[in-house]
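# Architecture and fold: a report
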Amino acid sequence: DQYNKVDNILLAIVPDEGSVFNPRILSLVERITEDAWQVPYSSRVDSISNFQHTFSEEDDLIVESLFEDALSLTAEQIEHKKQITLKDPILAGNLIANNGNSTGINITVNLPGINQAKEVPEVVGFVREMVAKYEAEFPDVGFHLTGVTMTNNAFPEASKGDIKNLYPIMI
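Our subject in this report is the structure included herewith. Every value quoted in this text rests on a predicted model; they were computed, and no experiment measured them.

What counts, and where the lines are drawn
- Residues numbered from 1 in each chain as written.
- Predicted model: local features only at pLDDT ≥ 70, side-chain atom pairs only at ≥ 80, totals over all residues.
- Heavy atoms only, no water.
- Phe/Tyr/Trp six-rings, centres within 6.5 Å; stacked < 30°, edge-to-face > 60°.
- Helix = DSSP H or I, 4+ residues; strand = E, 2+ residues; numbered from the N terminus.
- Buried < 20%, exposed > 50% of the residue type's maximum accessible area, 1.4 Å probe, protein only.
- Contact = heavy atoms within 4.5 Å.
- Core = buried A, V, L, I, M, F, W, Y, C linked by side-chain atoms within 4.5 Å.

### Thoughts on the packing of aromatic side chains
Following the criterion strictly, the structure yields one aromatic pair and no others. A centroid spacing of 5.9 Å and a plane angle of 45 degrees characterise the contact between F21 and F67, whose relative ring orientation is tilted. Here the residue F21 occupies a position in the loop between β1 (5-15) and α1 (23-36), and F67 occupies one in the loop between β4 (60-65) and α2 (75-87), the gap between them amounting to 46 residues. Residue classification places F21 among the buried residues on the basis of a relative accessible area of 10%.

Right, here's the structure in full:
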């Protein structure tokens with residue numbers, strides 16, 4: 001009664017060639033991360049761009065987003081941040097592939113649970129539209145959606161497709 005169901009959508013970003021550690025792809029990750037906050041019922045968005053990296057300078061602890069304003073980063077800065085990313089146990093193998101050739105953006109959604117038949121397709125539809133915009137702009141990048149919310153949406157979609165296509169054939 002007190003807790004909502006927490007679901008997620010993971011958007012994998014896979015450049016056709018090379019790694020994600022270049023200004024163009026890192027900027028794409030930043031943009032999608034920012035846009036993902038607009039997903040209905042989203043409560044958290046995690047990516048390598050907004051990962052809170054902590055380091056020390058003399059007596060101060062500095063906390064900052066790992067990849068911020070990627071288009072202005074030098075090759076040396078990107079390489080330094082790449083090494084941090086690939087060695088961080090929270091990121092490596094989770095939001096960044098161990099070889100750096102793909103990355104993910106995890107969108108946590110808290111569905112109200114009032115009408116799941118409406119809420120889940122609303123979230124999935126929004127994310128698909130958002131991704132379609134980026135697919136048109138970045139044809140050399142693969143975008144892949146997965147997660148609990150996508151799975152919950154797949155079952156009714158598959159059933160509807162079967163009713164339209166297979167049921168008439170069976171009759």
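### Concerning the environment of E34
With respect to the helices and strands, the residue E34 is situated in helix α1. The spatial distance from the C-alpha of E34 to the C-alpha of A12 is 15 Å, given a sequence separation of 22 residues.

### Some remarks on the side chain of N153
You can see N153 is positioned in helix α4 (residues 148-170). Classification of N153 by relative accessible area gives buried; the value is 5%. N153 has contacts with V120, P121, V124 and R128, leaving out every residue within four places of it along the chain.

### Side note on the nonpolar core
Grouped together as the largest cluster of nonpolar side chains are 39 residues, with contacts concentrated most on I13, L28, I32 and F143. Elements with a minimum of two residues in this core: β1, α1, α2, β5 (103-111), α3 (116-137) and β6 (141-146). Here this core takes seven residues from α3, the largest share from any one element. When near neighbours in sequence (up to four residues on either side) are disregarded, I13 contacts V20, L28, V29, I32, N101, S102, T103, I105, V141, G142 and F143.

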